[in-house]
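For reference, the chains in residue letters:
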Amino acid sequence: MSAAIVRRDVEVKDAEGLRPGSVEIFPPEYVAPKGDRRGHWKCRYSIDFGEFQKRFWMAGVDSYQALLMTMQVIPTEVKTSPTYRDGKLLCFGEPVTSVNELFGFEPYGAV
């Protein structure tokens, strides 16, 4: 597994205090064609908020699109996580009240 190309460190508040958490994006990887399927690019990401963990990937026709799709889906993943909904997510020592504070934009559509 490649090293992450970007990482946002956060803190997660629980009954025992604060624990470290993170959001990571890994470099896009080319997936070779199989049979009659075209090749494509995928970009893996990881969200680790302690009890809430997600590891997945987004795909695109090229590395740019795969990375862009990944950066667009992460705010939605965070906003719908129990950690965020329960007010247990902090960044730079402050409670996160909007994913805009973490990523500079809100997810597309109303979530």
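What you are looking at is a predicted structure, and each value in this text was computed from that prediction instead of being measured. (Residues numbered from 1 in each chain as written. Predicted model: local features only at pLDDT ≥ 70, side-chain atom pairs only at ≥ 80, totals over all residues. Heavy atoms only, no water.)

Q: Quick question: what am I supposed to make of the pattern of salt bridges here?
A: Proximity of charged atoms lets side chains of opposite charge pair with each other. One pass over the structure, following the stated rule, counts five salt bridges. Salt-bridge contacts for R7 lead to D9; the nearest nitrogen and oxygen are separated by 2.5 Å. Where D14 meets R19, a salt bridge forms, and the shortest distance between an N and an O atom there is 2.4 Å. Since its relative accessible area comes to 25%, D14 is described here as partly exposed. Judged by its relative accessible area of 26%, R19 falls in the partly exposed class. (Salt bridge = Lys/Arg side-chain N within 4 Å of Asp/Glu carboxyl O. Buried < 20%, exposed > 50% of the residue type's maximum accessible area, 1.4 Å probe, protein only.)

Q: I keep staring at the packing of aromatic side chains and nothing clicks. Help me out?
A: Tallied over the full model, the rule gives three aromatic pairs. Ring centres of F56 and W57 lie 5.9 Å apart, and the angle between their planes is 10°; on these two criteria the pair is classed as stacked. W57 gets classed as partly exposed once you look at its relative accessible area, which sits at 36%. The lysine or arginine in question, K42, covers the ring of W57, its NZ or CZ lying 5.5 Å from the ring centre. (Phe/Tyr/Trp six-rings, centres within 6.5 Å; stacked < 30°, edge-to-face > 60°. Lys NZ or Arg CZ within 6 Å of the ring centre and 35° of its normal.)

Q: Quick question: what am I supposed to make of the nonpolar core here?
A: Generally speaking, a soluble globular protein has its nonpolar side chains buried in company with each other. Core analysis: the biggest nonpolar cluster contains 19 residues, and I47, F49, V78, L89 and L102 have the highest contact counts within it. Sorting the residues of this core by element identifies β1 (6–14), β2 (17–25), β4 (40–49), β5 (52–60), α1 (63–79), β6 (89–91) and α3 (99–103) as the ones contributing at least two each. In terms of residue count, β4 provides more of this core than any other element does, four residues in total. Sequence-distant contacts of V78, defined by excluding residues within four places in its chain, comprise V23, I47, F49, Y84, L89, V99, L102 and F103. (Core = buried A, V, L, I, M, F, W, Y, C linked by side-chain atoms within 4.5 Å. Helix = DSSP H or I, 4+ residues; strand = E, 2+ residues; numbered from the N terminus. Contact = heavy atoms within 4.5 Å.)

Q: For this particular structure, what's the right way to read the side chain of E77?
A: Considering the arrangement of structural elements, one finds E77 in helix α1. Here the side chain of E77 touches Y45 through a polar contact of 2.6 Å, side chain to side chain. Residues within four places of E77 in sequence aside, it is in contact with Y45, I47, F52 and K54. (Polar contact = N/O pair within 3.5 Å; in protein donor to acceptor, adjacent residues only side chain to side chain.)

Q: Would you mind showing me how to read α1 here?
A: The α-helix advances 3.6 residues per turn, and as a result positions three or four apart in sequence lie on the same side. When the terminal C-alpha atoms of α1 are compared, their 25 Å separation across 17 residues agrees well with the 24 Å that a helix rising 1.5 Å per residue should span. The inward-facing, buried residues of α1 contact β2, β4, β5, α2 (82–85), β6 and α3. (Expected span 1.5 Å × (residues − 1).)

Q: What is the right way to look at the pairing of β1 in this model?
A: Two faces make up the sheet, and in a regular strand the side chains alternate between them. Two elements, β1 and β2, share nine bridges in a ladder whose sense is antiparallel. Across the sheet, the residue bridging to V10 is G21, located in β2. Hairpin connection of β1 to β2: two residues between the antiparallel strands. Both β1 and β6 contribute to a ladder of two bridges, which runs antiparallel. Bridging across to β6, E11 finds its partner in L90. (Pairing = 2+ DSSP bridges.)

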